[in-house]
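Remarks on the overall topology
Next come the chains, spelled out residue by residue.
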Amino acid sequence: MITTTTPAVPKAAARAKVLQRQGAAVALVLMVAVSWLVFPRFGSLDNLRDLALQGSFLAVIAIGMTFVIITGGIDLSVGSLYALGGVLAAWGSQYGFLAALALPLVVCGLIGLINGLLIARTNMAPFIVTLASLLFARGLLLAITDEGANTYKIPADSAFVELGRGTVLGFGYPIFIAAVLAVLGGMILNRTSFGQNVFATGGAEQSAVLLGVPVAKTKIIVYTMSGTLAGLAGALTAAYLQSGVTVIGVGLELDAISVVVIGGTLLTGGMGTILGTVIGVGLIKVIQNVINQIGTLDSNYQSVVSGVFLLIVVVLQRILRR
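Note that the structure is predicted; figures quoted are calculated from it, not measured.

Structural notes on the confidence of the model for the protein chain
Across the protein chain, the average pLDDT comes to 86, with 87% of residues at 70 or higher. Confidence drops under a pLDDT of 50 for residues 1-9, and excluding neighbours within four residues, the segment shows one contact in the predicted structure.

So this is what it looks like as structure tokens:
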């Protein structure tokens, strides 16, 4: 009688993949459970609303970043585009709702398109191209605002303010916008040929080219998407704050990269999920909220904890990938 046994290596690989995809979710559940028990205010409806609202702006940016990183790229310009989008939206609000919304989407999307064209057509490193765009967008922002001296206000009676401050059942519109974008992003990534092209580009670019995958076109689209979503997040923030704040967005690109990686997307590309990114956003925001509730810790500890957490996740990713 001949007996067969299942090799241990495939089982180990399967377990590693499950841990990589669901580890952040488990950590989020544990963090929420502990925080709920230790901090009475954490579970209040007002606090949960604030958590969701603050996370929604980052989630919009991180959705675009997820597509970029899955292709094996990086986008360092989203923080500056976020701030630029807010200023453009505030400035455009004087011409009506459509101008306030369209202007940041078009301008930031165009910068993203240029990023994609340079990366895809000239084979320049994404790090260098998007770093240049970061500086360009921040410089354009300072030029528009006279080096930050002018802050454009959005009238309180403007219809555009409702986009950032309107609520449904007490939850702000940006939360629902981020949720819709997350669902659409997940469907595009997992149920369309474009999504398969994104995975193929990041998984093995040279093989994808040989198989006829439109690698260049895919890169152009994902960077355009990333820039557009950063502009949208900036517009939503401007509507919420009722002004175009010039100092926001500094270092936000690192937050976006962090939550994407924490959510299980590989920095080397080829693997990732929108759901994981949303979980990563939730985890970082819960950690920040807990630090704020402790009260005795400086807010700078948020960055320290986020950095340590990201380092642990990246190390674990490398171990699991092996």
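Description of a nonpolar patch on the surface
Taken together, the side chains of L110, I114, L118, M124, F127, I128, L131 and L135 present a nonpolar region at the surface, about 710 Å² in accessible area. Secondary structure elements with two or more residues in the nonpolar patch: α4 (97-122) and α5 (126-144). Sorting elements by how many residues they give to the nonpolar patch places α5 first, with four residues. Mapping L118 onto the fold places it in helix α4.

Things to note about the packing of α4 against helix α10 (residues 215-241)
Contact geometry for α4 and α10: axes closest at 7 Å, N-to-C directions at 150°. With respect to their mutual orientation, α4 and α10 come out roughly antiparallel. Once α4 is placed against α10, the crossing between them reads as right-handed. Looking at the contact of α4 with α10 residue by residue, the classes come out as 13 nonpolar, eight polar and two charged.

Description of the nonpolar core
Counting 75 residues, the largest nonpolar core has F67 and F160 as the members making the most contacts within it. Looking at this core, the element that brings in the most residues is helix α2 (residues 45-70), giving 14 residues. Once residues lying within four places of it in the same chain are set aside, the contact partners of F67 are G185, I188, L189, F194, V198, V222, M225 and I274.

Some points on helix α11 (residues 252-262)
The element α11 is extensively covered by neighbouring structure, given that nine of its 11 residues are classed as buried. Looking at α11, one finds that the buried residues are L252, E253, A256, I257, S258, V259, V260, V261 and I262. Just past α11, the residue G264 takes up positive phi, approximately 105°.

Some points on the layout of surface pockets
Considering only enclosed or pocket space, the second largest pocket measures out at about 360 Å³ in volume. If you trace the second largest pocket, you find 18 residues lining it, with L51, A52, G55, V278 and G282 closest to the centre. Mapped onto the lining of the second largest pocket, the elements with two or more residues apiece are α1 (8-38), α2, α7 (173-191) and α12 (274-294). Here the lining of the second largest pocket is composed, by residue class, of 14 nonpolar, three polar and one charged.

Quick notes on the packing of aromatic side chains
Evaluation of the coordinates by the stated rule reveals five aromatic pairs. Here the aromatic rings of W36 and F42 are separated by 6.4 Å at their centres, their planes lie at 70°, and the arrangement is edge-to-face. Here the guanidinium or amino end of R49 rests over the ring plane of F171, the centre of that ring lying 5.6 Å away.

Focus: α12
End to end, α12 covers 31 Å across 21 residues, agreeing with the expected 30 Å (1.5 Å per residue, within 8%). Where burial is concerned, most of α12 is hidden: 15 out of the 21 residues are buried. At the N-terminal boundary of α12, the capping side chain belongs to T273, with an oxygen 2.9 Å from the backbone nitrogen of G276.

Observations regarding the packing of α2 against α12
Look at α2 against α12: their axes get within 8 Å of each other, and the N-to-C directions meet at 140°. For the element pair α2 / α12, the angle class is oblique. The hand of the α2/α12 crossing is right-handed. From α2, N47, L51, Q54, G55, L58, A59, A62, I63, T66 and F67 reach across to α12, where they touch I274, T277, V281, K285, V286, N289 and Q293. Across the contact of α2 with α12, the residue classes break down as nine nonpolar, seven polar and one charged.

Rules behind the numbers
- Residues numbered from 1 in each chain as written.
- Predicted model: local features only at pLDDT ≥ 70, side-chain atom pairs only at ≥ 80, totals over all residues.
- Heavy atoms only, no water.
- pLDDT = per-residue confidence, 0-100.
- Contact = heavy atoms within 4.5 Å.
- Patch = residues over 30% accessible without salt bridge, like charges linked within 9 Å, V, L, I, M, F, W, Y side chains within 5 Å.
- Areas by Shrake-Rupley, 256 points an atom, 1.4 Å probe, with all protein chains shown as cover.
- Salt bridge = Lys/Arg side-chain N within 4 Å of Asp/Glu carboxyl O.
- Helix = DSSP H or I, 4+ residues; strand = E, 2+ residues; numbered from the N terminus.
- Axes fitted to C-alpha atoms, helices over the stretch in contact; angles between N-to-C directions.
- Parallel < 35°, antiparallel > 145°, perpendicular 65-115°, else oblique.
- Left-handed = near helix turned anticlockwise from the far one by under 90°.
- Nonpolar A, V, L, I, M, F, W, Y, C, P; charged D, E, K, R; others polar.
- Core = buried A, V, L, I, M, F, W, Y, C linked by side-chain atoms within 4.5 Å.
- Buried < 20%, exposed > 50% of the residue type's maximum accessible area, 1.4 Å probe, protein only.
- 1 Å grid on protein atoms, 1.4 Å probe; cavity = no way out; pocket = protein on both sides within 12 Å on 5 of 7 lines; lining within 4 Å.
- Points joined across faces, edges and corners; volume = space filled by probe spheres on them.
- Phe/Tyr/Trp six-rings, centres within 6.5 Å; stacked < 30°, edge-to-face > 60°.
- Lys NZ or Arg CZ within 6 Å of the ring centre and 35° of its normal.
- Expected span 1.5 Å × (residues − 1).
- Polar contact = N/O pair within 3.5 Å; in protein donor to acceptor, adjacent residues only side chain to side chain.

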